[in-house]
Amino acid sequence: MRSRTFQFLSRICALFLSGSVCCFPEESVLPHGNAPAAIVSQYFPSRVHEFVWRNWNAVGPAKLAKIIGATEQEVTELAVSMGLPREANVPPQMLQRGYVTLIRRNWHLLPYAQLLQLLDMTPERLAVMLREEDFLWIKLGSLKPACEPLRYQAPDEAARARVDEIRRVVEQDFGDEIRLPAEPRFDFVRQINEPLLSYSPPPGGPDRKSVQRIVYSYVALYGDPLLNPELNPYPDGLLQRLSSVGINGVWMQAVLRDLAPGGEAFPEFGEGHEQRLASLRAMVERAAKYGVYVYLYINEPRAMPLAFFKDRPDIGGVTEGQLQTLCTSQPAVRQWMGDALAHVFREVPGLGGVYTITASENLTNCASHGGWASCPRCKERSDADILVEVVGVIEEGVHRGNPEANVLVSDWGWRGHGDAPDIIARLPQSVYLMSVSEWHLPIERGGVASTVGEYSISAVGPGPRSQGHWKAAREKGLRIGTEIQFNNTCEIASIPYLPVLDLIGEHCANLQPMKLDAMLIGWTMGGYPSPNFQLAERMSRTPAPTMEAALDEVARERFGPEGAPHAHKAWTLMSEAFREYPFHISVVYTSPVQWGAANPLYPEKTGYSATMWGIPYDHLDGWRGPYPPDVFASQFEKIATGWQPGIVELQSAVDKAPPELRGEAQRDLWLAKAASIHFQSVANQARFVAARDALADQSAALPSEETQRLRAEIARVLESEIALARELYTLAREDSRIGFEPSCQYFYLPLDLVEKVVNCRWLQERFGDEAATANR
């Protein structure tokens, strides 16, 4: 049986690759989808006002003016008229590190031509970005809203009147704080690269035989960092900090055709590989100084465009959309893969090894998406034949280049995340078998039964699938490891780490009997050096301390002897609250939990579906998965309510921390408060949408008492959202990590929370006027 998660991911991959959804008209290389009408935020007097607001402090006024045909002074006066600061403080790294944020916040405002101006980008570059950068086109809904070009016009009297109302809201709700300096967005990049005052590297350098604890960079960018040194994903300060919390491995994505020559079979492969390998060698040498290995994420052989096979029809395999596999049943393909890996590991012998997924979202071998029967060479083979053969080629090539390197093989996607002991029984003896710890764990939340089908912290593993696969691997004589996340997951990834250390400790304790040889701790999210990592490192020591002893030790290091008991209690309280999370693939992928109070509320249905890790809109039926609307909202309310006593204890821990620890302790408190706001806001938004839609349902003859109850519910939610947005604004202004996730970049910027208050104040008037009319 294919799991719901695998079906969901396969479906979005099919949409992404399908020409019917992601079409590229001849007059443009850019996709459009069905191009519905863009959403217009009615609380702004015009789309130009909305454009200036959304991009203030994100794009320079001169560029904004050029895009809409205005002068810089006209744009500045427009911003000031709405209560925004006269000086726009634009982070210098926004274009380089925040382009996804800019695309998303202008998706409903600008047609492609003006969006390209904003991004300083060619159509071809944007097309590649939408297609290849972590499913960005899918995250945006696989459609480009139809937008008329924006052109500046002097505000008329009605616009000026509305602008005056917006300015009054800003002044009354935010006062002078709107003009106070904030921590610049992306300042965490600078902070994370500052050397630690006290640090001793592990003696003897990195050790392949120790338990490998591997993470991804919190500051990595998509692109080609091995050709562009300014994109360095692992600066020295980050490596030092990761090493200090027990991390001894880091991973980076690698495309094999860019790292090695293609030989006679594929002469076009390998352009620039010498420079990339030189950069990789330097990175490996730097990391080794901190006791850290660099691992390559190998997801091969990557599918190629159909044109690649025009003169090579004999090596093409399964086709999906405009891509076709390099069929690994062909000896030439296997030979190239093995030779390329051997070349890389000979040239960079200090590499820790590879981590490979053979059935990922990316189309690779003919069995990677389960469709091998459509390949003329693979159709007579089993999926096990193909997958084991691919692993064998990878293992042989790596070890031909360096016999000491580690080969970590993930069971992700095998049989649609089903059981695969027969595949494990045929794996090469030298590999590690990696499995997501909590997968298939049965859970119940709010009376709704479900199973875990993604990374989860709220549901503590291990689950039945990983335990079965590890048992099969041990019987085969393989080393074993887990894919796990200790900082955050899709449950909420816009906070760098969650203060739920009891859940982390419990998971580590449950894994101790497994005697794991490796841990891949986090996917593209979750790589921030944190107390959660400190705890995991302590609990992996021999002999292992008890969970309580390890928690006490980390609390003392973080908050000092007087603050430690309060911190420990806070972690326990928040861990218990987080167990109420209504886990489901739809909830973690599409609900507004990443946006929190920054997600706007809409006066009527938008008609847009929530997108995977992109824009939640008002799609409650998409957000909630199997949970009824009231249960969905109630579960998030339980988390937020249970979180509050933990915040009180954490405040006491900060107050009692010694001066030299108080700054970092305070930042832990900010993150805890921000997470609580996100949870409560999801509940608020669900209750708003449910009440709004019930009032708008023309087929339901509501009793007057029910109408009044629904209007009271909307009024309560709007006041709560205003308070939450106001508080989150202060927290986000102080801490540039809040709202950020490495692949999605910033889900929101501080001014989005000011906009949310403007949005809610306008809705108060809108629903208040409707109530007054209904009562007349």
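Residues numbered from 1 in each chain as written. Predicted model: local features only at pLDDT ≥ 70, side-chain atom pairs only at ≥ 80, totals over all residues. Heavy atoms only, no water.

**Examining the overall build of the chain**
Filter applied, for reference: Starting at the N terminus, helices and strands are each numbered in turn, a helix being any DSSP run of H or I of at least four residues and a strand any DSSP run of E of at least two. C-alpha atoms define the radius of gyration in this analysis, and the globule rule sets the expected value at 2.2 Å times the number of residues to the power 0.38. Categorising residues by exposure relies on relative accessible area from a 1.4 Å probe, with only protein chains included: less than 20% of the type maximum marks a residue as buried, more than 50% marks it as exposed, and the intermediate range marks it as partly exposed. By the convention used here, residues are in contact when the closest approach between their heavy atoms is within 4.5 Å. Each accessible area is a Shrake-Rupley estimate made with a 1.4 Å probe; only the visible protein chains count as cover when residues are assessed. Positive charge is attributed to Lys and Arg, negative charge to Asp and Glu, and no charge count is given to His or to the chain ends. Every charge is mapped onto a representative atom, which is NZ of Lys, CZ of Arg, CG of Asp or CD of Glu.
Each helix and strand in the chain was counted, giving 27 helices and 15 strands. For 776 residues, the compact-globule estimate of 2.2 N^0.38 gives 28 Å, and the chain sits close to it at 26 Å. Summarising its shape, the C-alpha atoms of the chain cover approximately 80 × 65 × 50 Å along the three principal directions. Put simply, the chain has 776 residues, and 61% of those count as buried. In the chain, 77% of the contacts between residues at least 6 apart in sequence involve partners at least 24 apart. Surface summary for the chain: the accessible area is close to 28,400 Å², and the carbon and sulfur share equals 53%. Where the 75 positive side-chain charges of the chain centre and where its 94 negative ones centre are 1 Å apart.

**Focus: the confidence of the model for the chain**
Here is the rule: Confidence of the predictor at the level of single residues is given by pLDDT, which spans 0 to 100.
Put simply, the chain has an average pLDDT of 93, and 95% of its residues get 70 or more. Low pLDDT, under 50, characterises residues 1–27; the stretch is placed with 58 contacts to residues that sit more than four places away or in other chains.

**A look at the packing of helix H2 (residues 47–55) against helix H4 (residues 72–81)**
To be explicit about the condition: Every angle, taken between N-to-C directions, lies between 0 and 180 degrees, and every axis is a line fitted to C-alpha atoms, over only the stretch in contact when it is a helix. Between 65 and 115 degrees an angle is taken as roughly perpendicular, under 35 as roughly parallel, over 145 as roughly antiparallel, and anywhere else as oblique.
Running from N to C, H2 and H4 cross one another at 85°; their axes reach a closest spacing of 10 Å. The pairing of H2 with H4 is recorded here as roughly perpendicular in orientation. Residues Val48, His49 and Val52 of H2 lie in contact with H4, whose contacting residues are Val75, Leu78 and Ala79.

**Digging into empty space enclosed by the protein**
Which entries qualify depends on this criterion: We place a 1 Å grid over just the protein atoms. Points where a 1.4 Å probe fits but has no way out form a cavity, open points with protein on both sides within 12 Å along at least 5 of 7 lines form a pocket, and any residue with an atom within 4 Å of a point lines it. Grid points are joined across faces, edges and corners, and a volume is the space filled by probe spheres set on the points. All amino acids are sorted into three groups, where Ala, Val, Leu, Ile, Met, Phe, Trp, Tyr, Cys and Pro are nonpolar, Asp, Glu, Lys and Arg are charged, and the leftover types, Gly among them, are polar.
Inspection of every chain in the model, using the stated rule, returns nine cavities of 30 Å³ or more. Of the volumes computed, that of the largest cavity is approximately 390 Å³. Surrounding the largest cavity, 25 residues form its lining, Arg54, Arg105, Trp595, Pro600 and Tyr602 being those nearest its centre. Those elements that place two or more of their residues in the lining of the largest cavity are H2, helix H6 (99–105) and helix H27 (750–775). Residues of the lining of the largest cavity, tallied by class, amount to 13 nonpolar, five polar and seven charged. In this structure, the second largest cavity spans a volume of roughly 70 Å³. Considering the residues around the second largest cavity, the lining is formed by Tyr99, Val100, Glu133, Asp134, Leu136, Lys139, Ala220, Leu221, Tyr222, Pro742, Ser743 and Gln745. Only H6 and helix H9 (136–139) provide two or more residues apiece to the lining of the second largest cavity. Looking at side-chain class alone, the lining of the second largest cavity contains seven nonpolar, two polar and three charged residues.

**Quick notes on unusual backbone geometry**
In this structure, Pro301 follows Glu300 across a cis peptide bond, with omega equal to -5°. Its location among the elements puts Pro301 in the loop between strand S3 (293–298) and strand S4 (304–305). Put simply, Thr542 and Pro543 share a cis peptide bond, and its omega is -5°. Tracing the chain through its elements places Pro543 in the loop between helix H20 (531–539) and helix H21 (547–578).

**Regarding the sheet that holds S4**
Strands in a sheet are paired, the pairing made by backbone hydrogen bonds, and the direction either parallel or antiparallel. Let me state the cut-off plainly: DSSP-based pairing: two strands are paired if at least 2 bridges between them are found.
One open sheet accounts for three strands, arranged S4-S6-S5; its pairing is antiparallel. The strands lining the two open edges of the sheet, one partner per strand, are S4 and strand S5 (316–320). Where S5 and strand S6 (residues 323–326) come together, three bridges link them in antiparallel fashion. Each residue of the ladder has a partner; that of Glu320, found in S6, is Leu323.

**So, the layout of surface pockets**
Estimates place the volume of the second largest pocket at around 850 Å³. Taken together, 23 residues make up the lining of the second largest pocket; nearest its centre are Leu196, Arg241, Ser244, Arg558 and Glu664. Elements with a contribution of two residues or more to the lining of the second largest pocket: helix H11 (187–192), helix H12 (236–244), H21 and helix H25 (659–696). A total of five residues in the lining of the second largest pocket trace back to one element, the largest contributor, which is H25. Here the residues of the lining of the second largest pocket are counted per class, giving ten nonpolar, six polar and seven charged.

**Some thoughts on the packing of H21 against H25**
Taken N-terminus to C-terminus, the directions of H21 and H25 make an angle of 10°; their axes are 11 Å apart at the nearest point. In this view, H21 runs roughly parallel relative to H25, as classed from their interaxial angle. Judged by residue contacts, Arg556, Glu557, Arg558, Phe559, Gly560, Met574 and Phe578 of H21 engage Leu661, Glu664, Ala665, Asp668, Ala672 and Phe679 from H25. Each residue belonging to the contact of H21 with H25 can be placed in one class, and the counts come to seven nonpolar, one polar and five charged.

**Here we look at the side chain of Asn684**
As a reminder of what qualifies: Polar contact criterion, stated in full: a pair of N or O atoms within 3.5 Å, where within protein one must be able to donate a hydrogen and the other to accept it, and residues adjacent in sequence count only if both atoms are side-chain atoms.
With respect to the helices and strands, the residue Asn684 is situated in helix H25. Within the structure, the side chain of Asn684 is placed 2.8 Å from the side chain of Ser720, a separation counted as a polar contact. Residues in contact with Asn684, not counting those within four places in the same chain, are Arg716, Val717, Ser720, Glu721 and Leu724.

**Side note on the pairing of S5**
In terms of burial, S5 is a largely internal element, four of the five residues being buried. Hairpin connection from S5 to S6: two residues lie between these consecutive antiparallel strands, with Gly321 at a positive phi of about 60°.

**Considering the pairing of strand S9 (residues 432–436)**
Taken across its five residues, S9 has five buried, putting it largely inside the fold. Burial of S9 is two-sided: the residues Tyr432, Met434 and Val436 facing one way and the residues Leu433 and Ser435 facing the other way are all buried. With three bridges joining them, strand S8 (residues 406–410) and S9 adopt parallel strand pairing. Residue Leu408 lies in a different strand from S9, and its bridge partner there is Tyr432. Where S9 and strand S12 (residues 479–484) come together, five bridges link them in parallel fashion.

**Considering helix H15 (residues 331–347)**
What counts here: To estimate the expected span of a helix, count its residues, drop one, and scale the result by 1.5 Å.
If you check H15, its first and last C-alpha atoms are 24 Å apart, about what 17 residues at 1.5 Å a residue would give, namely 24 Å. Among the residues of H15, Val333, Trp336, Met337, Gly338, Ala340, Leu341, Ala342, His343, Val344 and Phe345 are the ones counted as buried. In this structure, the buried residues of H15 make contact with helix H13 (256–259), helix H14 (273–288), S3, S6, strand S7 (353–357) and helix H16 (383–401).

**Side note on H2**
Most of H2 sits inside the fold, with eight of its nine residues counted as buried. Of all the residues in H2, the buried ones are Val48, His49, Glu50, Phe51, Val52, Trp53, Arg54 and Asn55. Its side-chain oxygen at 3.3 Å from the backbone nitrogen of Val48, Ser46 defines the N-terminal cap of H2. Looking one or two places after H2, you find Asn57, whose phi comes out positive at around 70°.

**Here we look at the sheet that holds S12**
Within the closed barrel, the eight strands sit side by side as S1-S2-S3-S7-S8-S9-S12-S13. Their pairing is parallel. Put simply, the sheet's adjacent strands are angled 30° from each other on average, direction ignored. In the sheet, strand S1 (residues 212–215) pairs with strand S2 (residues 249–254) via two bridges, with the strands oriented parallel. In the strand pairing of S2, Val215 is matched with Val250. Each of S9 and S12 is contacted by helix H18 (residues 464–476), which is oriented at about 170° to S9, the strand it contacts most.

**With respect to the pattern of salt bridges**
The condition is simple: Salt bridges are defined as contacts in which a side-chain nitrogen from Lys or Arg sits within 4 Å of a carboxyl oxygen from Asp or Glu.
Across all of its chains, the model carries 55 salt bridges by this definition. One salt bridge in this structure joins Arg726 and Glu177, with 2.6 Å as the shortest N-O distance. On the criterion of sequence distance, the pair formed by Arg726 in helix H26 (residues 704–734) and Glu177 in the loop between helix H10 (157–174) and H11 is long-range, its members being 549 residues apart. Arg726 sits in the partly exposed class, given a relative accessible area of 22%. Residue class for Glu177 comes out buried when judged on its relative accessible area of 12%. As a salt-bridge pair, Asp618 and Arg692 come within 3.0 Å of each other at their nearest N and O atoms. Taken together, the residues span a long stretch of sequence, with Asp618 in the loop between helix H22 (585–590) and helix H23 (620–623) and Arg692 in helix H25 at a distance of 74 residues. The exposure class of Asp618 is buried, given its relative accessible area of 8%. One salt-bridge network, held together by shared partners, links Glu537, Arg538, Arg541, Glu553 and Glu557.

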